[in-house]
Amino acid sequence: MDDPPKDPDIKALDGISHSPPRRKSQQLPTMTGVHHPRNEIDIVGASDEEDFYRYPITTGSIGGAADMLDYSGMGEGAEGCEEPQMLPNEPLPEFVGSGGGVGVFKAPIRAAMHPNRPPCIEIRPHPLRESQGGKLIKTIASTDTQLWAGQETGVRVWKYSDTFEPGSVTETAGRRLPRGDEETAMFHESASTSQTLCLMVDEGSKLVWSGHKDGKVRSWKMEQQFTDGNTFKEGFSWQAHKTPVLSMTMSFYGDIWTGTEGGNIRIWPWEALEKSLGLTQEERRMAAVLIERSVIDLRAQVTINGVCNMPSSDVKYLLSDNVRAKVWAAASQTFSLWNARTRELLKVFNLEGQIENRVDMPSQDQPVVNEDNVKFVSKGKKDKPQGFLQRSLNALIGAADAVRRVAKGAGALVEDTKKIETMIIAADGVIWTGCSNGLIINWDGNGNRMRDFTRHPAAVQSICSHGSRIWVGYATGNIQILDLEGNLVSGWVAHNEPVIKLVVGHGHLFSLATHGGVRGWNISSPASIDSTLRQQLSERADMYTRRDKVTIMVGTWNVSQGRASDTALKSWLGSAVSDVDIVVVGLQEVEMGAGFLAMSAARETVGLEGSSLGQWWIDHVGRALDERSVFERVGSRQLAALLIAIWVRKTVRPHVGDLDVAAVACGLGRAIGNKGGVGLRLRVYDQLICFVNCHFAAHLEAVNKRNADFDHIFRTMTFSRSTHAAAGVSSANQALKNSNQTTSTSPEEARPDLAEADMVVFNGDLNYRLFGISYDEARDLVSQRSFDWLRQKDQLRAEMKAGKVFQGMREAILMFPPTYKFEIGKPGLGGYDSGEKKRIPAWCDRVLYRDNKAGTTKECSLDCPVIASVSQYDACMDVLESDHKPVRCKLNLDIAHVDKAIRRQEFAKILLTNEDIRSSFEELRFVPDTSVSTNTIELQNQDTFYLKITNPSPQHCVLYKIVCLGLCAIADPHCRPRGSFGFPRWLHVTPAAGLIQPDQVSDVLVHHEELHKLEDLTEGAQQSWWGEDRRDKELILVVAVRGSCSTDVKTHRVTLRHRFVPLG
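Residues numbered from 1 in each chain as written. Predicted model: local features only at pLDDT ≥ 70, side-chain atom pairs only at ≥ 80, totals over all residues. Heavy atoms only, no water.

### A closer look at the pairing of strand S3 (residues 137-142)
The buried fraction of S3 is high, at five of six residues. Hairpin connection between S3 and strand S4 (residues 146-151): a loop of three residues separates the two successive antiparallel strands. (Buried < 20%, exposed > 50% of the residue type's maximum accessible area, 1.4 Å probe, protein only. Helix = DSSP H or I, 4+ residues; strand = E, 2+ residues; numbered from the N terminus. Pairing = 2+ DSSP bridges.)

### Some points on the nonpolar core
The biggest cluster of nonpolar side chains holds 55 residues, and the ones touching the most others in it are Phe691, Tyr873 and Leu893. Beyond its immediate stretch of four places on either side in the chain, Leu893 contacts Asp548, Lys549, Val550, Ile552, Ile689, Met759, Val866, Ile867 and Ala868. Grouped together as the second largest cluster of nonpolar side chains are 42 residues, Phe252, Cys964, Ala992 and Val1054 included. (Core = buried A, V, L, I, M, F, W, Y, C linked by side-chain atoms within 4.5 Å. Contact = heavy atoms within 4.5 Å.)

### As for the confidence of the model for the protein chain
Of the residues in the protein chain, 79% have a pLDDT of 70 or more, and the chain-wide mean is 81. Predicted confidence is poor over residues 1-84, with pLDDT under 50, and the contacts of this stretch with residues over four places away or in other chains come to 213 contacts. Long-range and interchain partners of residues 168-174, a stretch whose pLDDT sits below 50, account for 17 contacts in this model, where long-range means more than four residues apart. (pLDDT = per-residue confidence, 0-100.)

### Notes on the packing of aromatic side chains
Using the criterion set out here, one finds 34 aromatic pairs in the structure. Ring centres of Phe252 and Tyr253 lie 5.1 Å apart, and the angle between their planes is 85 degrees; on these two criteria the pair is classed as edge-to-face. Here Phe252 and Tyr253 have matching classes, each one buried. Here Phe335 and Phe349 contribute two aromatic rings whose centre-to-centre distance is 5.2 Å and whose plane-to-plane angle is 20 degrees, an arrangement assigned as stacked. One end of the pair, Phe335, is in strand S17 (residues 334-339); the other, Phe349, is in strand S18 (residues 345-350), and 14 residues separate them in sequence. Like Phe335, the residue Phe349 is buried in the burial classification. Site record: aromatic cluster; members linked through ring pairs are Phe105, Phe696, Phe710, Phe714, Phe762 and Phe806. (Phe/Tyr/Trp six-rings, centres within 6.5 Å; stacked < 30°, edge-to-face > 60°.)

### Regarding the environment of Leu298
Inspection of the secondary structure puts Leu298 in helix H4 (residues 298-302). On the basis of relative accessibility, which here comes to 0%, the residue Leu298 falls in the buried class. Residue contacts for Leu298: discarding those within four places in its chain leaves Trp257, Ile265, Ile267, Met310, Trp338 and Arg343.

### A closer look at the sheet that holds strand S48 (residues 1000-1008)
Spatially, the four strands line up as an open sheet ordered S42-S44-S48-S46, and their pairing is antiparallel. Each edge of the sheet is formed by a strand with only one pairing partner; in this case those strands are strand S42 (931-932) and strand S46 (987-990). Two elements, strand S44 (residues 944-951) and S48, share eight bridges in a ladder whose sense is antiparallel. Bridge pairing in S48 places Lys948 opposite Asp1003.

### So, helix H11 (residues 612-624)
With 13 residues, H11 should reach 18 Å at 1.5 Å per residue; the first-to-last C-alpha distance of 18 Å fits that figure. By the burial criterion, the buried members of H11 are Leu613, Gly614, Trp616, Trp617, Ile618, His620, Val621, Gly622 and Ala624. For H11, the secondary structure elements touched by its buried residues are strand S30 (545-558), helix H9 (566-572), strand S31 (582-588), strand S32 (631-639) and strand S33 (642-649). In the segment just after H11, Asp626 is the residue with positive phi, at about 60 degrees. (Expected span 1.5 Å × (residues − 1).)

### Quick word on the sheet that holds strand S6 (residues 188-189)
Read across the open sheet, the four strands follow the order S3-S4-S5-S6; overall the sheet is antiparallel. Of all the strands in the sheet, the pair left with one neighbour each is S3 and S6. Inspection of the sheet shows strand S5 (residues 154-159) paired to S6 by two bridges, in the antiparallel sense. Within S6, the position partnered with Arg156 by the bridge is Glu189.

### Re the pattern of salt bridges
Under the criterion given, the structure shown has 56 salt bridges. Between Arg540 and Glu906 there is a salt bridge, with the nearest N and O atoms lying 2.9 Å from each other. Of this pair, Arg540 sits in the loop between helix H7 (528-539) and helix H8 (541-544) while Glu906 is found in helix H17 (residues 900-913), placing the two residues 366 residues apart along the sequence. Owing to a relative accessible area of 3%, Glu906 belongs among the buried residues under this scheme. For Arg925, the salt bridge is made with Glu922, and the minimal N-O distance between the two is 3.6 Å. (Salt bridge = Lys/Arg side-chain N within 4 Å of Asp/Glu carboxyl O.)

### Details of the pairing of S30
The element S30 is largely enclosed, with a buried count of ten among its 14 residues. In this structure, S30 lies alongside S31, joined through seven bridges in parallel fashion. Looking at the pairing, Trp557 lines up with Leu587 of S31.

### Things to note about the packing of helix H2 (residues 270-277) against helix H3 (residues 284-293)
Contact geometry of H2 with H3 gives a least axis separation of 9 Å together with a crossing angle of 175 degrees. By the angle between their directions, the pair H2 and H3 is classed as roughly antiparallel. Contacts between H2 and H3 involve Ala272, Leu273, Lys275 and Ser276 from the first element and Ala287, Leu290 and Ile291 from the second. Here the residues of the contact of H2 with H3 are counted per class, giving five nonpolar, one polar and one charged. (Axes fitted to C-alpha atoms, helices over the stretch in contact; angles between N-to-C directions. Parallel < 35°, antiparallel > 145°, perpendicular 65-115°, else oblique. Nonpolar A, V, L, I, M, F, W, Y, C, P; charged D, E, K, R; others polar.)

### Quick notes on the packing of H7 against helix H18 (residues 915-924)
Relative orientation of the contacting elements H7 and H18 amounts to 150 degrees, with a least axis distance of 10 Å. In terms of axis orientation, H7 runs roughly antiparallel to H18. In the crossing of H7 with H18, the sense of the turn from one axis to the other is left-handed. In contact with Ile529, Thr532 and Leu533 of H7, H18 contributes Asp916, Ile917, Ser920 and Phe921. Each residue belonging to the contact of H7 with H18 can be placed in one class, and the counts come to four nonpolar, two polar and one charged. (Left-handed = near helix turned anticlockwise from the far one by under 90°.)

### Things to note about helix H10 (residues 594-605)
Across its twelve residues, H10 extends 17 Å between first and last C-alpha, which sits within 8% of the 16 Å expected from 1.5 Å per residue. Inspection of H10 places Phe596, Leu597 and Ser600 among the buried residues, and these make up the whole buried set. The buried residues of H10 occupy one face: seen down the axis, they fall within an arc of 95 degrees. Within H10, the exposed residues directed more than 90 degrees away from the buried face are Ala594, Gly595 and Thr605. Considering only its buried residues, H10 is in contact with S32. (Arc of directions from axis to C-beta.)

What follows is the structure, encoded as structure tokens:
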């Protein structure tokens, strides 16, 4: 025993005292706690414990020996054998591993204001996922004065004038705010409807149109009076499809186009919409019938003799090109381009720009029929959940297909992931599409591919345009700013989840993430005002900082494939949770055996996890915690023999959520789950905390392998929802997002998920043993409770001191007997392994953590939001059901977080009082002067006129857009503007929008179209515009001009008169 340890990996043990204490016989107690006085033991020859302090104190450089902590202020005799008496809930002394504070082992940077992104307005702060039942926002749209959102049960609206007001109207009416919206800006909600899938703003009619999962299109008045505490109702609605309305747009002529599943597109003419809008409240039903009868089914229109050129894939996006009077329809990998006036299919082409020559031909037993004649069912047989064998078969088929693709070349796999995710039209008329592989493609108005490029290695989820700027939202939560040529201007991390929608309104860019959070960014950002805002908001941090205390108990137990009695579970967990808010339980060796492990690995490949025995443990632990009345089960994850589960006290549950799960196998070939780690990540008071349950490689000599297991788990564990894909993100995009975490060129983006958490807790059977000591010597020291000397022989402590594992992580000083290995059913000291192998007792079962602390920082603040200490760390020696003893660790957390409502109000005060910021906003209102060649245009039949728009500025470009305020026939002065200020069908204006460079002129063609043709009849009846074309008419064209990044516009009005001249 006097010989030093011979293992070359334990260099840190050199120089310690190898003189054992005097042997003193003592019976091992059945239960070891942390607050029992232990003055009866007198041990001499204790080692030098220079690296321990009561609290974490760094006296040297990061990663050095000075990172080790011991008892502080205990006098010269502190290193003796006596264990200090601790007061209840007083922090225990801790040991800190070397190597922390650098690289991936550095705690994430936190601050009151994010240093690397512009300050934003938290319209709807990140809500917990579990709070979003029926309230998850799917899409947003902006008017001049309002922000609308489509959610699972209807729509909601924010008035920009109320942006900085706290709460919603329900709060002002004395009602409790809905969970998830406690800090949301004041909003109004509609009456409950089917899930909203898409929104469209119609400024001409002062309406917002919404498409829903039940196939209906609904209208909502922008200018209605929203009353406090009451929901508002729809204007009118109609059944547009029998299947969900996936997309919608309003054409150049005011028609509504809607797309649904199976490639079906329908048009709802403005003439029918106009009549319906003129009906009274009592005539709503008549309005729906009128619109439904006016439908134009494009699939039926272009199907000839059973042959249809339209794509049969779901119509994900519809886009109106109001520059050229065309409509784009996009499926996953194909486009169809339509003439908005004649509704003629112009071309079908794919992402490569190649014309699609194939046609969709139904089989003989499936003739082309109208969508209305198809019986609507929610799910077919093919949509029913498949059994395990079928899913396994599908996995094998998929694997074989992957092999075939690899054989054909890597490009095949790339093509499978290149799907259309979003599309917009820029101010200069160029069409932008974003793909799931990160590719951005530009198209001209005729569907010709102009250029493609990648600016960020992640799936593009959303694109938005305003002036000369293009904003792109990615699956990583990043937003980038590009110019009209596609050059990168700037970018930042906007959300911690994919950015699924971007819109511009009221001088701001609004971003929606998959979690339902909405943020507003100034359209000039990044700009100088950002630094001013960031600094002033940081200085006011005390006003919006809130602090809360949370107690977490982490339990770990290698159950050795057994089952525990209720008494054992109560002793381990139930007896210690009276003051605990969160309980995390990690189990190892829940179920073993080669057959079970192989089957578990196969199940994992098809997305299945868990076992009946694992469920037994979850149920019985829940019963020990009084799950129904006191705690709520939040979630769990099982990987073969490893299981982790979490319970939260019901009083704390509203502040805990966003549960994600993860698993990393470290067994044979890094594929079998007998060894590895399972993790849970959740948000507690808006801070991320991760829990990882591990089982590392066994055997005394496998130190390096255990270190490698930790490193593999720490670097590769990737959290995701327990469902197959996040809402609003395709499964392909989710996979691409995960893969990009290791391929990104940015070191910050390449950081593992665990490195980005505010707190990480590792627990489990880590399997580190005692070195340089015999079985008998270890048992004697345990009987004398000489844990201070035994700690010197602990492999884990030595490896942490050398900075080889658990870098920078902390563990309370071990003051309980080694927890391995015991003979099942034998109590007391005699329970240690006395068989042939006589395994040396060891502290295999451990709990370690890392919080936001760095160096001597102790104060909890937004710069250091999570600070933890250990108040209890012990083993339950009276539990006899396994060869390991269960261990528990109680962590006391101080958590600082932001009161978003208060910070939003402080944001408003700064905007109103800071002169520099107000001056910057005034500069954004600048619009260069322009002129038009005339303010009156007169046309006769098929006349053409060129309207010239001049930009005399020598340095500023301008962007223009021409709209029609409405047709006022001489005989009918009560005509209203068409939807979205669309044009009458007899008038052709092109280009109706565009970019004018400095000292340049744009020529706009204004042409009268002759519509008196037989093919302009629909089902034998004349359209209403037939008669419209035969009258003298007068309308107002408005040329709206803005600068490259202006918040204001200047307008020119042009009166257009048409005189009908009879032919002959």
